[in-house]
Amino acid sequence: MLRSIPATRLLSALSGSSVLVKCLWGAALLLYFFTFWFDTLTLLAVTPGLLLPPNLRLWTLATHGLLELHIWDVLGSLLLTFGAGRRLEPLWGAPELLIFYGLVSVAVGILGSLIYLLAYAATSDLYYLFSAHVHGFPAFAGAVIVAHKQTLGDGQMESKWWMRALPQLVFLIVMALSLVSLIPSRVFVGYSLGMVTGWVYLRFYQRHSRGRGDMSDHFSFASFFPGRVQPAAALLGSLAHAILVKLHLCPRALKRYDVGAPSSITISLPGTDPQDAERRRQLALKALNERLKKVEDQTSWPNMEEEDDEDGSQKDSSFHSCIIPDTSGQEPSMPQSYEAEPKL
């Protein structure tokens, strides 16, 4: 009976999720079951030596993100997919979330292979060509946490400092665990590349009503670093943007001037449109409503009508107890307990 409790919770959570989340869950579980009968690490994970010609196993760019070899990694992948569906899909929609996942998977597979190829060129060790693999959910985890930072913004009530710095904190934890060999190095490589590719896509390429990307200050490259390092980080971010624009891989961020504004000239950047402000406002309103609902459930408010009725009945009873009616036509006499004032 106790063993069936997690299974029932898992099924109830899956039943309330979207079709996209269900498909990703099914694919992750199916690939995990294949590991018992096939060498899925060679067939479905990105291997740098096999991704290059003459093998050209390009399908691994789409399958490596869902491939896990251990049950705890599978559970982490399922929880991450469920969280992304609950957090990002209502804001973006299922097609945009699928595009985000696909682009991050392909980019991390290619960039991870390039990193291992550079390691092979520096060390001449064949391990980096045929034994090093890129797979698992760390890449998508890095991208999702960066997207979570974007959705928080600056003006939400729930956005505490550790929530805004969550990508950096997880990065430091993963790096420390990788240095002491508690987790494999592929986790650190995948998470780092997932952060970078997720930020580049959301910063410069994601479509909005006024263009592409999110050029707001709270989502700049410098915002991922502490205050003293931010000038150098901002320089690197500007350099990366200039290189992408030079290679015609990214549109130039153009400022729009509204000369016909009634008060003064207004400047707008791509991604900083009312749609983003309304999105963050709705999230803040949702959080405020949930807190108010909790307070109302904990506090029982008195009924004002009942209090008024009780007060009125008490006043009437006190009034009748103080005045004794007299039917003789004279003025009503005071109760016997009343003592008249002595005449001076």
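Residues numbered from 1 in each chain as written. Predicted model: local features only at pLDDT ≥ 70, side-chain atom pairs only at ≥ 80, totals over all residues. Heavy atoms only, no water.

Some details on the overall build of the chain
Here is step 1 of the chain: A count of helices and strands for the chain gives 16 helices and four strands.
Here is step 2 of the chain: Out of the 344 residues belonging to the chain, those deemed buried represent 37%.
Here is step 3 of the chain: Approximately 22000 Å² of the chain is accessible, and the part contributed by carbon and sulfur atoms is 65%. (Helix = DSSP H or I, 4+ residues; strand = E, 2+ residues; numbered from the N terminus. Buried < 20%, exposed > 50% of the residue type's maximum accessible area, 1.4 Å probe, protein only. Areas by Shrake-Rupley, 256 points an atom, 1.4 Å probe, with all protein chains shown as cover.)

Some points on the UniProt feature "transmembrane region" (unreviewed entry) in the chain
Here is step 1 of the chain: UniProt marks residues 20-38, 97-120, 126-149, 161-182 and 188-205 with the feature "transmembrane region" (unreviewed entry), using the numbering shown here.
Here is step 2 of the chain: The span residues 97-120 is 100% helical and 0% strand by assignment, and the distance between its end C-alpha atoms comes to 34 Å.
Here is step 3 of the chain: For residues 188-205, the end-to-end C-alpha separation is 25 Å, with 100% helix and 0% strand making up the annotated structure. (UniProt positions renumbered as here; feature names shortened; annotations may be inferred.)

Describing a nonpolar patch on the surface
Here is step 1 of the chain: Together, Leu29, Leu30, Phe33, Phe34, Phe36, Trp37, Phe38 and Leu43 give the surface a local cluster of nonpolar side chains, amounting to about 840 Å² of exposed area.
Here is step 2 of the chain: Counting residues per element, the nonpolar patch draws most heavily on helix 2 (residues 19-34), at four residues.
Here is step 3 of the chain: With a relative accessible area of 31%, phenylalanine 34 lands in the partly exposed category. (Patch = residues over 30% accessible without salt bridge, like charges linked within 9 Å, V, L, I, M, F, W, Y side chains within 5 Å. Salt bridge = Lys/Arg side-chain N within 4 Å of Asp/Glu carboxyl O.)

Quick notes on unusual backbone geometry
Among all residues except glycine, the phi angle is most often negative; among peptide bonds, the trans geometry is most common.
Here is step 1 of the chain: Going from proline 53 to proline 54, the amide bond is cis rather than trans, its omega being 10 degrees.
Here is step 2 of the chain: Examined against the element boundaries, proline 54 turns out to sit in the loop between helix 4 (48-51) and helix 5 (60-63).
Here is step 3 of the chain: Residues other than glycine seldom take positive phi values, yet serine 124 does so here, at roughly 60 degrees.
Here is step 4 of the chain: Turning to its location among the elements, serine 124 is positioned in the loop between helix 8 (94-123) and helix 9 (127-131).

A word on the environment of leucine 202
Here is step 1 of the chain: Mapped onto the secondary structure, leucine 202 falls in helix 13 (residues 185-205).
Here is step 2 of the chain: In this structure leucine 202 comes out as buried when scored by relative accessible area, which is 0%.
Here is step 3 of the chain: Between the C-alpha atom of leucine 202 and that of methionine 215, which follows or precedes it by 13 residues, the distance is 9.3 Å.
Here is step 4 of the chain: Non-local contacts of leucine 202, meaning those with residues more than four positions away in its chain, are made with Trp92, Phe100, Val146, Ala147, Gln150, Gly213, Asp214 and Phe219. (Contact = heavy atoms within 4.5 Å.)

Brief notes about the packing of helix 12 (residues 166-179) against helix 13
Between two packed helices, the angle of one axis relative to the other and the distance separating the axes together describe the packing.
Here is step 1 of the chain: Between helix 12 and helix 13, the least distance of the axes is 9 Å, while the angle of their chain directions is 160 degrees. Classified by the interaxial angle, the pair formed by helix 12 and helix 13 is roughly antiparallel. Crossing of helix 12 against helix 13: the hand is left-handed. For the pair formed by helix 12 and helix 13, the contact residues are Leu166, Pro167, Val170, Phe171, Val174, Met175 and Ser178 on the first element and Ser185, Val187, Phe188, Tyr191, Ser192 and Met195 on the second.
Here is step 2 of the chain: Across the contact of helix 12 with helix 13, the residue classes tally to ten nonpolar, three polar and no charged. (Axes fitted to C-alpha atoms, helices over the stretch in contact; angles between N-to-C directions. Parallel < 35°, antiparallel > 145°, perpendicular 65-115°, else oblique. Left-handed = near helix turned anticlockwise from the far one by under 90°. Nonpolar A, V, L, I, M, F, W, Y, C, P; charged D, E, K, R; others polar.)

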